Amino acid sequence: MLGNGEVVAKFESSWDELLDCGDKPFDISFPSIRGDHSSLTLKAAVVCPCNNQDSALFDSIVESEIVRETDAGHERFATYVTRKTVSHLNDAMQDFQSVLDRCPVGHPDRAGALTNLAWARLEGYIRKDLQDIDSITSLFREALALRPQGHLDHLLSIYHLIKALIWRYGKENFRTVYIHESVQLCCKLLPLCPKGTYLHSITAGGVDWVIRACNNLPIDASDEGIHIRRVILELCPLGNEHRLKALDNLGWALRLRFEQCGSIDDLDESIQRGREAVSLCSEGHSGRYIYVNNFASSVWIRFNHQGNYHDLNEAISLYEEALRLCPDGHNNRGLPLNNLGFAFFTRFNQCNDVNDLNRAISLLREALTLRPPGHPRRNHTLHNLAVALQSRYDKSDISEDLNSAIDLHRDSLQLTPHGHPFRHRALCSLSSVLCSRFKQTRENEDVEEAIRLCQESLEALPSLHPDRYSSYLWLQEAYLARYRVHRESADLSLAVDHFRLASRHPTQGLPDRILTAWNWIVAAEQHSHPSALEAYTTFFELLDCHLATRSSAISRREAAAAFHHARSAPVDAGSCAILYDNLQHAVELVEQGRGQQWSLASRLRTPLEDLDSTNSDIAHKFSELSKRVADAQGSAVSTDGAAADSAAIQYRRITTQWQAVVAEIRNIKGFSRFLLPPLYEDLQAAARYGPVIILIASQFSCGAIIVPMSGEPLHVPLLSITLTDLTTLKDRFARAIRQSSRMKPGESRKDLIVLLRTVWEEIILPIVKVLEHVLELKHQSRIWLCPTAAFTSIPLHAAHPFQTRPDRSKEPCLEDLYICSYTPTLSALIRSRQMMKKRVRPSFVAIGQGQPRAGKSKELLAVDSEIELVRKLVPETINRTIISGDAATRAGALQGLEENTWVHLACHGKQDREQPYNSHFVMKDEPITLLDIMEKDIPRAEFAFLSACHTAVGDEDTPDEVIHLAAGLQFSGFKSVIGTLWEVDDAVAKHVVKAFYENLLKDLEDGDEMDCTKAAWALNRATHSVKTKVPLEQRMVFIHVGV
């Protein structure tokens, strides 16, 4: 007999036949049962009591009684199974209980006795002849404990307990504790039961039932609930019919936990699981719309948390598919209607396209008709429609929309009573719309109720719940609205407190917190609140953290561009600090807010000499992780969603490790500010060889801050010019340059002269007066210009009075007085100087491409002669290389850049205004883009002359990011760069080139090395010496950047 009470065969033998076998074992084979061929090995022995061994005899008798009663119990149980007579069950249980009584704790047969009794009772329970399921599971548990892993009957005991738990789960109101335990046991059992074995055949059904039961459980976002979902997924390998549902349920549970706790890892895994579920679900599957919808919800939530537009567009596309799968008449059409409607509303908030808003309202109204009173999800659609109508009111001021929104929000709140998991959201939403009505009617009852509702929502949420952000946000809105009506300073203080809480709430997505910080800035500036500087600092810190999550330069720029309304934040912060007479902080804020793209990228190339001398192990660890982060970065966005998700997750994991090492470094004495925004005392190092002049163009004020070589910064207010004036001046310069380029060399550039005189009088002259009379800076000293915003598009270095003194001598211009250079940021200049320590013997390469592939660009006829001119001017003692013609390919030119310390590049330069990272130099085959240059790390590079168009001008949308080719070369390692602000005429540029190299190299003697720090002086001398040969706009076009 088998342990399950099944009669396999009967074996009969005489004592003589058994004894004939002696003490040798012999096998008995049984008929096949479900494909399993069982056998039994027996051995006969004679026990002879002797020498008064009464105890041994007694034990033998007891063992014989155990065997006899066990056999009797099995025979009676088998009869019960076949005849269904309860009396046989009772007799069997009596036999098994007697055996158990003879097998106390420690007895070798106790596990078998427990199993026999439990199995008989379970069968009786299943057939409703017994009621006590609790004792049955207890017996099986004890048996399993006596049969640990490795025991021959361990797997069978697991199976028995699983079966008992399944029945107990159904009997005791489907308590999840029993099905959870069953799942854990199945996970242990199934891998040890290969397909085709008898044990697999009898357990498969139970495991299948457990999987189905778990898949039908309510979604539980607790740690235990998610653990069980993971175990179920392990039980459903590829090809298992239940894998689809298991994936969907795990993804759903992870999404809910994210909404409660805010861990992005949960959301990313939810998306991974959802994506796989959709891929496994066939087009014709009746439930495909559910899997598509659930996947879309996770993607949509990630957009709200991280602000990646690709996620929003993918979510909308998925919701649209779900809606197509639920045509008119489908019993669940309201689900995709509701979700798609709110997704369009989300896109309206980002893109401000009223068509999205109107479509959202239309879809939500249709969804509401399909979710009549009594529908379990009616409250969701009421809420979503109310929010959309409120937004339309804010945009169009239609009072009917506002009143409808209030009514809908109240209806939604009624459907979410106390204890409802989403009541806090209904409270906040009603609060926001009441606040909107208060702004219109100024009825205090509305704002008082709005404040009470938000306070109630906060009481319902734990301290780190992501939705506390919304409660803080709407409380801020209510207090600020009340302040604007009643002008009570306490309300403004409360509003600022909640701006602070919302922008710093750690589990809320960074894009929302950044926007809140910006609104804090706006309110603080508008009402002259002293928290404005704190708000600016918070904004820059959050934006920096947000951009750091993006794994490519292009995606970082896209992320920054999403906050286009805050484009002026760096200069406005500087202006604010000036207003509060804190010039050092002004310098710090302008630096922190500008050039964030370069700042983020340069962190991975931070010089480590000081750290290495203090702690070489951690310096090495940081260096290795920086390389891994850099390697994980990509310039293009993958069109494969799964691949893109995987790459993003990998990037985040590596950056998390990198950030942990940075935190470790900051705990080392002397490195507490490692990679933190620099303080003024650090930034002043940029002015070591001459003052740096930061020109600030803000909506609040225009002026300059001079960072001297020592001492406090100086403020130069530019009282006669405004941001509007600068914008106009910038546009006039652009027109004048275009006009001048069409003029003959001898024609007067009157318009350009007028503009340069304006720059001198309104901008540069007040600065020069401070340099001469306050700093007493000697003429021909070096100065560095660091323009911001609109100033970046104005040729400040060329400012000129164009006036004659009474003695008929000419008034000096800026370049007569000082040697001018530019720097994108103070940090860029400091970094270039730090890298000057790594100088090597110079090598020079001249790269020229005047005949790019047909159709790429027009031919540049003077390039070859310019390259030959440079070759002749550079001394033969310098290692020189020429790359031109067919050799000047993308690969050849990049190799030349990497292998040489000095570079002269003559070719077409193209500025890409839409995507500045695609700005490029035109080569024979493919262009060298700014991204190509940024990927190179050439720490020993020194100087580059870019004899090409538009190499030192950024894009108009983000001027303070200073994204251009010259800045890219400086970032890659070139300390000194000559670039161009607009189009270069190659026919006359060679005059400037010739004069530049003649001045740079004229005092060079044998054995002397070229000095890139003299480049600014050489350019200054060159532009002076070619006045009669080169038109004004072509002399102005060249600027020096760097050391």
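Being a predicted model, the structure only gives us computed values, none of them experimental.

Student: It is not clear to me how helix α17 (residues 399–414) should be interpreted in this structure. Could you clarify?
Tutor: With 16 residues, α17 extends 23 Å between its outermost C-alpha atoms, agreeing within 8% with the 22 Å of an ideal straight helix rising 1.5 Å per residue. Residues of α17 that are buried include every one of Asp401, Leu402, Ala405, Ile406, Leu408, His409, Ser412 and Leu413, and no others. Where the residues of α17 are buried, they touch α15 (354–369), α16 (378–396) and α18 (423–441).

Student: Can you help me understand the sheet that holds strand β13 (residues 928–929) in this one?
Tutor: Strand order in the open sheet formed by three strands is β11-β12-β13, with antiparallel pairing between adjacent strands. Edge positions in the open sheet fall to β11 (909–910) and β13, since each of these has one partner strand only. Both β11 and strand β12 (residues 920–921) contribute to a ladder of two bridges, which runs antiparallel. Note on β12: the bridge partner recorded for lysine 910 is histidine 920.

Student: Just to check I follow, could you spell out the nonpolar core for this structure?
Tutor: The tendency in soluble globular proteins is for nonpolar side chains to be buried as a group. Phe539, Ile763, Leu796, Phe921, Phe996 and Tyr997 are the most contacted members of the largest nonpolar core, which has 300 residues in total. For this core, the element with the highest residue contribution is helix α33 (residues 750–773), accounting for eleven residues. Leucine 796 has contacts with Leu695, Val759, Ile763, Ile764, Leu785, Pro787, Phe791, Leu814 and Tyr822, leaving out every residue within four places of it along the chain. Grouped together as the second largest cluster of nonpolar side chains are 17 residues, Leu608, Val629, Tyr651 and Ile668 included.

Student: Could you clarify how one ought to interpret a positive patch on the surface in this entry?
Tutor: On the surface, a cluster of positive charge is contributed by Arg732, Arg735, Arg738 and Arg742. Residue position: arginine 735 is located in helix α32 (residues 723–741). The exposure class assigned to arginine 735 is partly exposed, which follows from its relative accessible area of 46%.

Student: Any chance you could explain a negative patch on the surface here in plain terms?
Tutor: Together, Asp1003, Glu1005, Asp1008 and Glu1009 make up a negatively charged patch on the protein surface. Relative to the helices and strands, aspartate 1008 is located in the loop between α40 (986–1001) and α41 (1015–1025). Assessed through its relative accessible area of 36%, aspartate 1008 is described here as partly exposed.

Student: How should the confidence of the model for the protein chain be read in this particular structure?
Tutor: Predicted coordinates in regions of low pLDDT should not be interpreted in detail. Per-residue pLDDT for the protein chain averages 87, and the proportion of residues at 70 or more is 91%. Contacts of residues 1–6 to residues separated by more than four positions or lying in other chains number 17 contacts, the stretch itself having pLDDT below 50.

Student: Got a minute to help me understand the pattern of salt bridges in this structure?
Tutor: Pairing between side chains of opposite charge can happen when their charged atoms approach one another. The full count for this structure, using the stated rule, is 45 salt bridges. Of the charged contacts, one joins arginine 749 and glutamate 1033 as a salt bridge, the two residues approaching to 2.9 Å between their closest N and O atoms. Of this pair, arginine 749 sits in the loop between α32 and α33 while glutamate 1033 sits in helix α42 (residues 1032–1036), and the two are 284 residues apart along the sequence. Note on arginine 749: relative accessible area 5%, which makes it buried. Between lysine 924 and aspartate 886 there is a salt bridge, with the nearest N and O atoms lying 3.7 Å from each other. Of this pair, lysine 924 sits in the loop between β12 and β13 while aspartate 886 is found in the loop between β9 (879–884) and α37 (890–899), placing the two residues 38 residues apart along the sequence. Three or more residues are tied together by salt bridges with common partners; here these are Asp265, Asp268, Arg275, Arg302, Asp311, Glu314, Asp645 and Arg652.

What counts and what doesn't
Residues numbered from 1 in each chain as written. Predicted model: local features only at pLDDT ≥ 70, side-chain atom pairs only at ≥ 80, totals over all residues. Heavy atoms only, no water. Helix = DSSP H or I, 4+ residues; strand = E, 2+ residues; numbered from the N terminus. Expected span 1.5 Å × (residues − 1). Buried < 20%, exposed > 50% of the residue type's maximum accessible area, 1.4 Å probe, protein only. Contact = heavy atoms within 4.5 Å. Pairing = 2+ DSSP bridges. Core = buried A, V, L, I, M, F, W, Y, C linked by side-chain atoms within 4.5 Å. Patch = residues over 30% accessible without salt bridge, like charges linked within 9 Å, V, L, I, M, F, W, Y side chains within 5 Å. Areas by Shrake-Rupley, 256 points an atom, 1.4 Å probe, with all protein chains shown as cover. Salt bridge = Lys/Arg side-chain N within 4 Å of Asp/Glu carboxyl O. Lys, Arg positive; Asp, Glu negative; His and termini not counted. Charge placed at Lys NZ, Arg CZ, Asp CG, Glu CD. pLDDT = per-residue confidence, 0-100.

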